[in-house]
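Spelled out, the chains give:
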Amino acid sequence: MSHGAVTRILAIRHGETAWNVDTRIQGQLDVPLNDKGRWQATRVAAALADEGITALYSSDLQRAWQTAQPLAGATGLMPRPERGLRERAFGVFEGLTWAEIERDHPEASERWRKRDASFGPEGGERLAEFYERCVACVTALAQRHAGELLALVAHGGVLDCLYRAAARVELNAPRTWQLGNGSINRLLYTPQGLSLVGWADTGHLDGAVHDEFSDALARRAPPGSAS
């Protein structure tokens, strides 16, 4: 990457799934989009068709890959699967609702809700490992496409990590920003790291966007601290 080169990044959260609506943890289980999610994907594509995107990457999980397809059609770009953009592996939490996790795994649930960076559900990733994986992946892609406009289709947990890296927010800090399905989030990458340009743009969507709190803490945050 040349000195001072800037990579613009469009980080897109996948469209809605039935499990998002049910507050069921998807992790790396391969859950497809629902009807609303497929519609959101078409709206993302329409909003970004003329942005001048030069490369398109997507998590290889179905809900992200399906979200990337309309954008691929609108831009003429072949999406490239990237395992580094996958959602956090949640191990024994996967397939369970928040309430079921709290009931069946109370001690693990408490550490999860407190955003303990050293904690990972049995069979899953520790939060610190997940953060490092996400930031390293996006850094490598940005360096590969220095000076370009890069589109990434990923997951709520991945976007949370990118926001924290760009805004210099600690991993254990409660989340106060949105991670809406079908949202468009804008960042810059330079040799100094990531920085924020715009976040949680859902102006291309007509109606409410379901907002999944992948860290589970925000649902207990004071009213008005997140939506």
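Residues numbered from 1 in each chain as written. Predicted model: local features only at pLDDT ≥ 70, side-chain atom pairs only at ≥ 80, totals over all residues. Heavy atoms only, no water.

So, on to the pattern of salt bridges. Tallied over the entire structure, the rule returns 15 salt bridges. Note that Arg-38 and Asp-35 form a salt bridge whose closest N and O atoms lie 2.1 Å from each other. Residue Arg-38 and its partner Asp-35 are located together in helix H2 (residues 35-48), separated by three residues, close to a single helical turn. By relative accessible area, Arg-38 is classed as partly exposed at 39%. In this structure, the salt-bridge partner of Lys-114 is Glu-110, at a minimum N-O distance of 3.4 Å. Under the relative-accessibility criterion, Glu-110 is labelled partly exposed at 30%. (Salt bridge = Lys/Arg side-chain N within 4 Å of Asp/Glu carboxyl O. Helix = DSSP H or I, 4+ residues; strand = E, 2+ residues; numbered from the N terminus. Buried < 20%, exposed > 50% of the residue type's maximum accessible area, 1.4 Å probe, protein only.)

In the structure shown here, the tally under the stated rule is zero disulfides. Looking at the unpaired Cys-134, the closest cysteine sulfur is the one in Cys-161, lying at 4.3 Å. By relative accessible area, Cys-134 is classed as buried at 1%. Cys-137 carries a free sulfur, and the closest cysteine sulfur to it, the one in Cys-134, is 7.6 Å from it. (Disulfide = S-S within 2.5 Å.)

Let us now look at the confidence of the model for the protein. Per-chain confidence: the protein averages 91 in pLDDT, with 89% of residues scoring 70 or above. Within the model, the stretch residues 213-227 combines pLDDT values under 50 with 35 contacts to residues more than four positions away or in other chains. (pLDDT = per-residue confidence, 0-100. Contact = heavy atoms within 4.5 Å.)

As a further point, take helix H5 (residues 106-113). Think of an α-helix as turning once every 3.6 residues; residues three or four places apart then point the same way. All of the buried residues in H5 are Ser-109, Trp-112 and Arg-113. Projected down its long axis, H5 carries its buried residues within an arc of 90°, all on one side. Buried residues along H5 sit against helix H4 (98-104). Taken from the residues just after H5, Arg-115 is the one with a positive phi, measuring 55°. (Arc of directions from axis to C-beta.)

Right, let's talk about the packing of aromatic side chains for a bit. Here the structure, examined in full by the defined rule, presents five aromatic pairs. With centroids separated by 4.1 Å and ring planes inclined at 15°, the aromatic side chains of Tyr-163 and Trp-177 adopt a geometry described as stacked. With Tyr-163 in helix H7 (residues 156-167) and Trp-177 in the loop between H7 and strand S5 (184-190), this pair connects stretches of sequence that are 14 residues apart. Grouped by ring-pair contacts, the aromatic residues Phe-90, Phe-93, Trp-112 and Phe-119 constitute a single cluster. (Phe/Tyr/Trp six-rings, centres within 6.5 Å; stacked < 30°, edge-to-face > 60°.)

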